Each structure stands twice: as structure tokens, then as C-alpha cells.
Amino acid sequence: ATVPRESPDMLASTSTASPPTAAAWRRSSARRRSVTSARNAHLRVVSRSIAEPAERSGSAPGSISPPGSGGGDTRQKAIVIGGGVGGLGTASRLAHAGYEVTLLEKNADVGGRCRSESFEGEGAEGYRFDTGPSLMLLPDRYREQFTAVGKKMEDYMDIRRVDPCYRAHFGDHTTLDLLYDIVEMRAQLDAVEEGAGGRYIDWLGRARASLDYGVAAFIERDANSILDFVDVSRVGPLALAVNPLDLLLPQFQQMKKYFKDPRLRALFSYQELYVGLSPYNAPGVFSLLAATELTDGVWYPIGGFDKVRQSLQALADEEGVVTRLSSEVAAILTEPLGEGPSLVAGSKATQVVRGVRLASGEVLEADVVVANPDLPCVWEQLIDHETFPEAKKEAERWEDADYSCSVIEFNWCLDLELPDLLHHNVFLSGDYKGSWVRPATPEDFAAPKQHNFYCHNPVFTDKTCAPAGGSSVMVLLPVGNLNEQAKACKKRGVPVPSEEDMVNAGREAILRRFKEAGHGDLTAHITHESITTPTDWKEKFNIKHGAVFGLSHGLTQLAAFRPPVRTGIPALDSPEVDGLHFVGASTRPGNGVPLVLMGVKVVTDAILKQHGAGIKAQAK
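Bear in mind that the values here come from a model prediction, so they are computed numbers and not experimental data. (Residues numbered from 1 in each chain as written. Predicted model: local features only at pLDDT ≥ 70, side-chain atom pairs only at ≥ 80, totals over all residues. Heavy atoms only, no water.)

> Before we go on, may I ask you to explain the nonpolar core in this structure?
Soluble globular proteins tend to bury their nonpolar side chains together. Within the largest apolar cluster, 52 residues are counted, with the highest numbers of intra-cluster contacts made by Y166, M185, Y200, W203, L267 and F268. The biggest single contributor to this core is helix α4 (residues 196-218), with five residues. Excluding residues that lie within four positions of it along the chain, L267 makes contacts with A168, F170, L176, L178, M185 and L428. Grouped together as the second largest cluster of nonpolar side chains are 36 residues, M153, M157, V321 and V593 included. (Core = buried A, V, L, I, M, F, W, Y, C linked by side-chain atoms within 4.5 Å. Buried < 20%, exposed > 50% of the residue type's maximum accessible area, 1.4 Å probe, protein only. Helix = DSSP H or I, 4+ residues; strand = E, 2+ residues; numbered from the N terminus. Contact = heavy atoms within 4.5 Å.)

Okay, here's the thing in C-alpha cells:
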């Protein structure tokens, strides 16, 4: 079994298990695969390391470290599996509440997919890439993580609003910028389609209402019953502000009401990519995604997203969290609850968590375990199916659920700047509907087909990410996740292609699109290339099927229906384990750093409610 994780938002194989040593405690540099464009040779890639704590001695394989051991400390013990955004955030909050917290990360550094990386090799010196999240949305949710432990975000990182927030490059090679200024945006849209500017203002107001009331109803508050969908205190304000049909019908239908030009429809609905949907199956409520960008703004941490990772780790360190790196968890240990009632009010659990066993054989006991890996992988890999058969059924349940796309990520060190690219760019196909079919074979990239993809060009805002006159360009090219790729190939009667063939075809399609859009032939200007494939995402970060945005966010996988399912209907609900909690992109409320951080608050509040505050907090 493989474990933790955290990585697009986004590589190498999983780390080999070994007994914890002093060296394993250091936050050493991450390594991942790199490919030079000149020779297509594989090189090791190193991201800069972050602060290193004092070395600690490890335990022998098979030894037991029980709760309450050492100096008579009676604080509750919490183990957090996985040092992604969700794991780091939960660890610092629990430690602040008085828990003795150990964070276990299988990789050589924390942060999961939230990271900046610099690569080794000819032509790579001086370039920095955000290889995971690159859009900072809802910055107040980041701030809340700091204030929750008595700190100020501004003391840890500097963020700036990106303006304009996006440039859309359409299939006919026209462009349109997403502007914050309502008057300028209205004029720009009216120039494309008469009256579109006024309809945009109407749409934006309703989308913002969906954001404000939807977040309050189903994101800031956990969902524990199917009745939540008819709870007037939750849905009443949202239903009064926005037509319920607009919230539930496919977003494509909503876009047709406001805009005739297919380019404008595409402009305000491509964000569905980030939640594993398309405008044809995403409910209209997801217009809130565009409203987030256009009203709260798109922000950037100066120095890259490694600043976010470093800051979250600093909070955990300052709160006394013990972070163990290269510490792969092999199993979450549970045992039957016994004949006595659960100590957790309202619990239907039949099992109680006891701790974890590392791949090295070491056993750590705990009162609370928080799992940050992709939730379907937790049920599949980390819980013993013989002693807990319900876990096996739960794993099977999510095997063929609806998942987001995967992506092939290209990181290109360029020896020139691209003046017509903004910081954030989205390339949209002229085939509005067909472009949402996820590529599964190299033939799906053949000319003259166009594809939707995202391009990050941070040198527009931050000149420190590339040498003078150069650019560090990251492209996220959506493809089918590993499971749907296999199904698509089986349906077509063709073998599953190699990832090398998919990478080569995808690269050619992107370079062709850049050239057609007037950016020139970039082939000779790529001095170094690093690639992340669907298999890399799966193995490095334990992401089910390599689906980088986790489970999709369709109506049947939202709120109470998102795992662990809590509808109040026993036949539908996920099994419960007292003391076992989940955080991350594939659990509630959903994916993306802001939502994961909101989930951190929800799960921490649940832990404190169910298990009590720590001894330190009680003494205050």
C-alpha cells in the first residue's frame, strides 16, 4: 500500500520505505523527473528546501509509541497523515488547541502539490515554477488559517492582485481580458456582442449571490444529512437571491440566457475544468467560480506558491507539531468498538481508531487520526479490509465514481519573454462542445484540432522567476484520467497508448496552438523541459486515477453526498470510525486550496466538539 500525498493543485515514484533516521526528519529538497528538450534525457530535479528543524532520533521498527508517553504528558495525541495544505492546516490548528500532533509525510518534503520548484540541468538555472496551484483565490480564507493560530498572514508572505486576472485566447485567435473594472469590462463585451455588457453585470450579480450564499450554506457549514438540501436556514437565502432553476440546470443553459457569442459563453464557463466538470454537466451554481475571480480577484504570492507551503509549515513548527518526513504510512489501525456505547455523541461507528503503522513497521498510537491523502485511496489502501469489511465496500464504491480530468504538465524554461501573454492565460478551442471531451489517445491531439488548456506566465508579475529576458511557462493540458483513458481505449478497440506518446502528441498540439495564435514557434526557445504525467500524479501524491482535481463536483458528489457520505440514510452512508477524520480535495467541501482550508476549519471544529480541546487549551 502506498500513502500520503499531497502533491495543480498540481514526481517521481513513491518513496521507498525505510526506518526513520535522523536524516529522515530533515525537510530536504524534493526530487522529481525532468526532461531536457535538447536531448530528451532524464535528469533529477531539485526544489529548494525549506527550514530544517533540529534532528531527532527515530524509533526502531516494530516499536510502539503510545499516546501519553513521555514525561507524563496527558494531552490528546493526534496523528495527521500527509503534509499537504489540508494536513498542515489541520496540524497547526490542533496543536494550537492543545493536542500533541505528529504529522507523517511519505515524501521528502511537505506541501503536497502546493509548491514551487527549480530544476537541475542545462538551461534550467535561474527558473522557478509553480508546479501545483498557481491561482490564489479567496485570499481571506488563507488569512483565516493564520488568525486561527494567532498570527498574521502579512508577517509570512506578500500577496498581490494580478491585473488583469486572465487573458482568454480563442480558437479564432482573438483575445479578451477578464477585467475587474465593470465599466471597462462592459465596454469590452459590448464590442463583441451588442448588449452583452449589461447582461454581464446582471449575470455577475447573480453569480456573486451564488458565491456568498452558497459558501455560507454548504461550505462553511458541514453537511451531515440529505435534509440539508431542504433546510430553509441553509437554502432559503440562496433560493431568494437566485432562481433555483439557474442553480440546478446545466451551466450551458444559463450561459445561453445571457450571451449569444460562443466565445463569451466559453469565457465564463471554462472554470468548470477545475471541479472535474464541463458546462454541459455542471449545475449553474458553479458560476460562482467565475464570480470569485472577477470580484475577489486573482492573487499571487510574491516568490511563488512555495511561500504558501513555507508559511503553513512555519505555523505548524511554531505550534510544536512534530513533522516526520519520508515516513510512509502503511495502515490506519482500528479495532471494534466493543459492547459499550460510542463516546462520540450521535456516532454510528462500529470501529475506533488506535493509531497508524508505518511502512518501516513502527506503530504510533493516537486518540485522533486525520487522513489527508485522496480519500478513495484511504479506504482502498490504508484500512484493513479483513478486520473492517465495510472499508472494502467503501473502496469499491469509489473505484468507478466520477473523477476530474488528469493533466500533462509542461514546465518550459524559455530564453525569451512572450509579450502577448498575461500572468494567467486560458486557451479555448473553437469547438466549444467537442473540446470538453478529454483526450485519451495521441490521435485526439491531431491537427487541426484545438484544445482547452491553461498557461501560467508569472514573469508578467514577478521577474524573479526567470533570468532577465526569459520566461518560466507552465502549461496544464487536460487529458482523461487513467481510469477513463482505459475505458475510452477499450470502447474504441485500441490499446492504451504509452505516456511518452501522449506527451509528444500533447506537446506538439500546444506548440502548434501557440504558433497559430501569433506567439511564434517556441520549439527552439525551450532551453529545458520538465513534465508531469497522470502516472506521476498518481504515484507521487497518491491521487486516485491521477485525477488531479480529485472527485468531480456533480450534484451527486456534493455536500452530504461527498465522502464520507452523511445523508442520514444508512444504506447510502459511509462507514464511521470514531477518531478518524478526513481533510483534502476529495472530501467535503471540495478541491482547491481555499476550499481545503475551509474544510480544515470544519474538521478541526468537529474534532474539538467530539474529542474535546487539548489540555493546554483547557488550562487557558
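> Sorry, what's going on with the environment of A196 here?
Summarising the element assignment, A196 is placed in helix α4. Sequence spacing of A196 and L264 is 68 residues, and the spatial spacing of their C-alpha atoms is 8.7 Å. In contact with A196, other than residues within four places in its own chain, are L189, D190, F259 and L264.

> What's the story with the pattern of salt bridges in this structure? I'm lost.
Side-chain pairing between opposite charges can occur once the charged atoms of the two side chains come close. Per the stated rule, a full pass over the model turns up 27 salt bridges. The shortest N-O distance in the salt bridge between E362 and R324 comes to 2.8 Å. On the criterion of sequence distance, the pair formed by E362 in the loop between β14 (351-358) and β15 (363-365) and R324 in strand β12 (residues 322-324) is long-range, its members being 38 residues apart. Accessibility assignment for this pair places E362 and R324 in one class, buried. (Salt bridge = Lys/Arg side-chain N within 4 Å of Asp/Glu carboxyl O.)

> Where do I start with the sheet that holds strand β23 (residues 580-582) in this structure?
Hydrogen bonds between backbone atoms are what pair the strands of a sheet, whose relative direction is either parallel or antiparallel. Spatially, the five strands line up as an open sheet ordered β12-β5-β4-β16-β23, and their pairing is parallel. Each having just a single partner strand, β12 and β23 make up the two edges of the open sheet. For this sheet, the mean inter-axis angle between neighbouring strands, taken without regard to orientation, is 20 degrees. Across five bridges, the pairing between strand β4 (residues 77-81) and strand β5 (residues 100-104) is parallel. Each residue of the ladder has a partner; that of K77, found in β5, is E100. (Pairing = 2+ DSSP bridges. Axes fitted to C-alpha atoms, helices over the stretch in contact; angles between N-to-C directions.)

> What should I look at first to understand the packing of helix α1 (residues 85-96) against helix α16 (residues 593-611) in this one?
For any two helices packed against each other, one specifies the crossing angle of their axes together with the interaxial distance. Put simply, α1 and α16 touch, their axes get as near as 9 Å, and they point 35 degrees apart. Seen from above, α1 lies across α16 with right-handed handedness. Of the residues in α16, those touching α1 at V85, G86, G89, T90, R93 and L94 are V593, V596, L597, V600, K601, V603, T604, I607 and L608. Residue composition of the contact of α1 with α16, by class: nine nonpolar, four polar and two charged. (Left-handed = near helix turned anticlockwise from the far one by under 90°. Nonpolar A, V, L, I, M, F, W, Y, C, P; charged D, E, K, R; others polar.)

> Sorry if this is basic, but what is going on with a nonpolar patch on the surface here?
A cluster of nonpolar side chains, contributed by I226, I569 and L572, occupies part of the molecular surface with about 210 Å² of accessible area. For I226, the location among the structural elements is in the loop between α4 and α5 (232-241). (Patch = residues over 30% accessible without salt bridge, like charges linked within 9 Å, V, L, I, M, F, W, Y side chains within 5 Å. Areas by Shrake-Rupley, 256 points an atom, 1.4 Å probe, with all protein chains shown as cover.)

> Explanation requested: the side chain of T90 in the structure shown.
The residue T90 is located in helix α1 in this model. Polar contacts involving the side chain of T90 include one to the main-chain carbonyl oxygen of G86, which spans 2.8 Å. Setting aside residues no more than four positions away along its own chain, T90 makes contact with V370, V583, V600, V603 and T604. (Polar contact = N/O pair within 3.5 Å; in protein donor to acceptor, adjacent residues only side chain to side chain.)

> How do you make sense of the packing of aromatic side chains when you look at a structure like this?
Within a pair of aromatic rings, the relevant descriptors are the distance that separates the centres and the angle that separates the planes. Counted according to the given criterion, the structure contains 18 aromatic pairs. Measuring from centroid to centroid gives 5.3 Å for F119 and F129, while their planes differ by 25 degrees, and the two rings are stacked. Residue F119 is located in the loop between β6 (116-117) and β7 (129-130), and its partner F129 is located in strand β7; the two are separated by ten residues in the primary sequence. Accessibility assignment for this pair places F119 and F129 in one class, buried. Summarising the aromatic geometry, the rings of Y166 and Y270 are spaced 5.4 Å apart at their centres and angled 80 degrees between planes, so their arrangement reads as edge-to-face. Within this pair, whereas Y166 is found in strand β9 (residues 166-169), its partner Y270 is found in the loop between α8 (262-267) and α9 (288-296), the two being separated by 104 residues in sequence. Overall, the relative accessible area of 0% leaves Y166 in the buried class. Accessibility expressed as a relative area gives 3% for Y270, which makes it buried. Taken together through their ring pairs, the aromatic side chains of Y200, W203, Y258, F259 and F268 make up a single cluster. The side chain of K433 reaches across the aromatic face of Y280, ending 5.1 Å from its centre. (Phe/Tyr/Trp six-rings, centres within 6.5 Å; stacked < 30°, edge-to-face > 60°. Lys NZ or Arg CZ within 6 Å of the ring centre and 35° of its normal.)

Take it as geometry only, folks, not as evidence of what the structure does.
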